[in-house]
Amino acid sequence: MLRSPILAAARSPRTRSLVEHLPPTRAIVDRFVAGDVLADAIRVTHELVESGRKVTLDHLGEDTADRSQADATVDAYEALLGALGETGLARSAEVSVKLSAVGQFLPGDGERIALDNARRICVAAARVGTTVTLDMEDHTTTDSTLGILRELRADFPWVGAVLQAYLRRTEQDCRDLAHEGSRVRLCKGAYQEPESVAFQDKGEVDRSYVRCLRILMGGAGYPMVASHDPRLIAIARHLADLAGRAPGSFEFQMLYGIRPEEQARIVERGDLMRIYLPYGAEWYGYFMRRLAERPANLTFFLRAMATKG
Ligand SMILES: Cc1cc2nc3c(=O)[nH]c(=O)nc-3n(C[C@H](O)[C@H](O)[C@H](O)COP(=O)(O)OP(=O)(O)OC[C@H]3O[C@@H](n4cnc5c(N)ncnc54)[C@H](O)[C@@H]3O)c2cc1C
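The present account deals with the structure reproduced in this document. (Residues numbered from 1 in each chain as written. Predicted model: local features only at pLDDT ≥ 70, side-chain atom pairs only at ≥ 80, totals over all residues. Heavy atoms only, no water.)

**Comments concerning the site of the ligand**
Turning to step 1, where the next piece is worked out: Taken together, 25 residues form the shell around the ligand, and within it Gly-189, Lys-202, Ser-227, His-228 and Glu-293 come nearest.
Turning to step 2, where the next piece is worked out: Here a nitrogen atom of the ligand sits 3.3 Å away from a polar atom, N or O, in the side chain of Arg-185.
Turning to step 3, where the next piece is worked out: Protein coverage of the free-state accessible area of the ligand, which is 930 Å², stands at 87%.
Turning to step 4, where the next piece is worked out: Of all the cavities here, the one that holds the ligand is the largest pocket.
Turning to step 5, where the next piece is worked out: When residues of the shell around the ligand are traced back to their parent elements, those giving at least two are β4 (161-164), β5 (183-187), β7 (251-255) and α12 (284-293).
Turning to step 6, where the next piece is worked out: Grouping the amino acids of the shell around the ligand by side-chain chemistry returns 10 nonpolar, six polar and nine charged. (Near = heavy atom within 4 Å. Polar contact = N/O pair within 3.5 Å; in protein donor to acceptor, adjacent residues only side chain to side chain. Areas by Shrake-Rupley, 256 points an atom, 1.4 Å probe, with all protein chains shown as cover. 1 Å grid on protein atoms, 1.4 Å probe; cavity = no way out; pocket = protein on both sides within 12 Å on 5 of 7 lines; lining within 4 Å. Sits in = over half its atoms within 2 Å of the grid points. Helix = DSSP H or I, 4+ residues; strand = E, 2+ residues; numbered from the N terminus. Nonpolar A, V, L, I, M, F, W, Y, C, P; charged D, E, K, R; others polar.)

**Overview of the packing of aromatic side chains**
Turning to step 1, where the next piece is worked out: Enumeration according to the criterion identifies five aromatic pairs in this entry.
Turning to step 2, where the next piece is worked out: Both rings, one in Tyr-276 and one in Tyr-286, keep their centres 6.2 Å apart while their planes meet at 5°; by these two values the pair is stacked. Of this pair, Tyr-276 sits in strand β8 (residues 273-279) while Tyr-286 is found in helix α12, placing the two residues 10 residues apart along the sequence. Side by side, Tyr-276 and Tyr-286 carry an identical accessibility label, which is buried. (Phe/Tyr/Trp six-rings, centres within 6.5 Å; stacked < 30°, edge-to-face > 60°. Buried < 20%, exposed > 50% of the residue type's maximum accessible area, 1.4 Å probe, protein only.)

**Digging into the pattern of salt bridges**
Turning to step 1, where the next piece is worked out: For the structure shown, the criterion picks out 24 salt bridges.
Turning to step 2, where the next piece is worked out: For Asp-75, the salt bridge is made with Arg-120, and the minimal N-O distance between the two is 3.0 Å. In this pair, Asp-75 is assigned in helix α5 (residues 67-86) and Arg-120 in helix α6 (residues 110-128), connecting sequence segments 45 residues apart.
Turning to step 3, where the next piece is worked out: In this structure, the salt-bridge partner of Asp-271 is Arg-269, at a minimum N-O distance of 2.8 Å.
Turning to step 4, where the next piece is worked out: The exposure class of Asp-271 is buried, given its relative accessible area of 6%.
Turning to step 5, where the next piece is worked out: A cluster of three or more residues bridged by salt bridges with shared partners is formed by Lys-188, Asp-206, Asp-229 and Arg-231. (Salt bridge = Lys/Arg side-chain N within 4 Å of Asp/Glu carboxyl O.)

What follows is the structure in structure tokens.
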């Protein structure tokens, strides 16, 4: 019930300014974000890798409105990938990229700019021996993002896709992408979407997730099961067994700061567990989506505001 107004607030500049300047915000943001700078990202990646987890790093930012900001984002990814190479972390850490942060919505030739920029990031990843996954944003970007994915994969077949189970189209997209060598992250979906394109009921989204899992686990690609939902994680494990998949032929993924005990349990039983780790100063949109996913997070946030006065 609270999801829609929070996601609407995520797009409001007034709310953004208010939330960013509230005193208790930082402590709560730190639960979900490594920190503002590259050194924070590297430090937390080290900690996660030492505990047996893999990492995918996200340099925060989205909906970039000018070319220089898009270029700065690419520079940040190049610096990040260089640092992962130098510290020996590239074996265990890859990067996740939002195409809207590298120019997808720029007027004129946004898609071409995003493709060229994503290509630069792929070159930097290849240089240090790691991979890139293209995050999926709202449904108006799905075709464009999958088109750019196809172009990138011609040169970098290891580029990962993200599909969102709440979209009605996703079962078919899973079929199209469940081929040899294809890395596909399946998540429920984090944006506010209309009924015409997305299931609105939680049960329907979960059932769609299971149908998509069946396709991905039974296919020849590399499924990345991105969920904190205990029921879906158990079903994914069962479907992997049914498909005769060995540990290492698929992975689980969770967001930094969410269900860390479950993350540790998955590592302990010998399955691959990758943590999505965001860093950077542009945390607002990401943070608001995390609040929207769980009303308890919002209550915690409001209580912290009230006590700080
Ligand atoms: C690695 C990864 C990458 C993702 N990439 C994308 C992407 O590219 N595009 C996209 O649209 N979405 C992405 N998402 C977000 C995803 O779509 C969901 O919004 C999010 O994962 C919550 O769904 P869930 O499967 O965990 O199930 P839910 O039913 O939402 O949650 C299941 C349980 O997990 C815990 N939980 C879930 N969310 C939170 C939270 N915010 N705070 C505290 N506890 C929580 C609670 O215990 C909850 O009961 C990604 C998620 C992950 C894990």
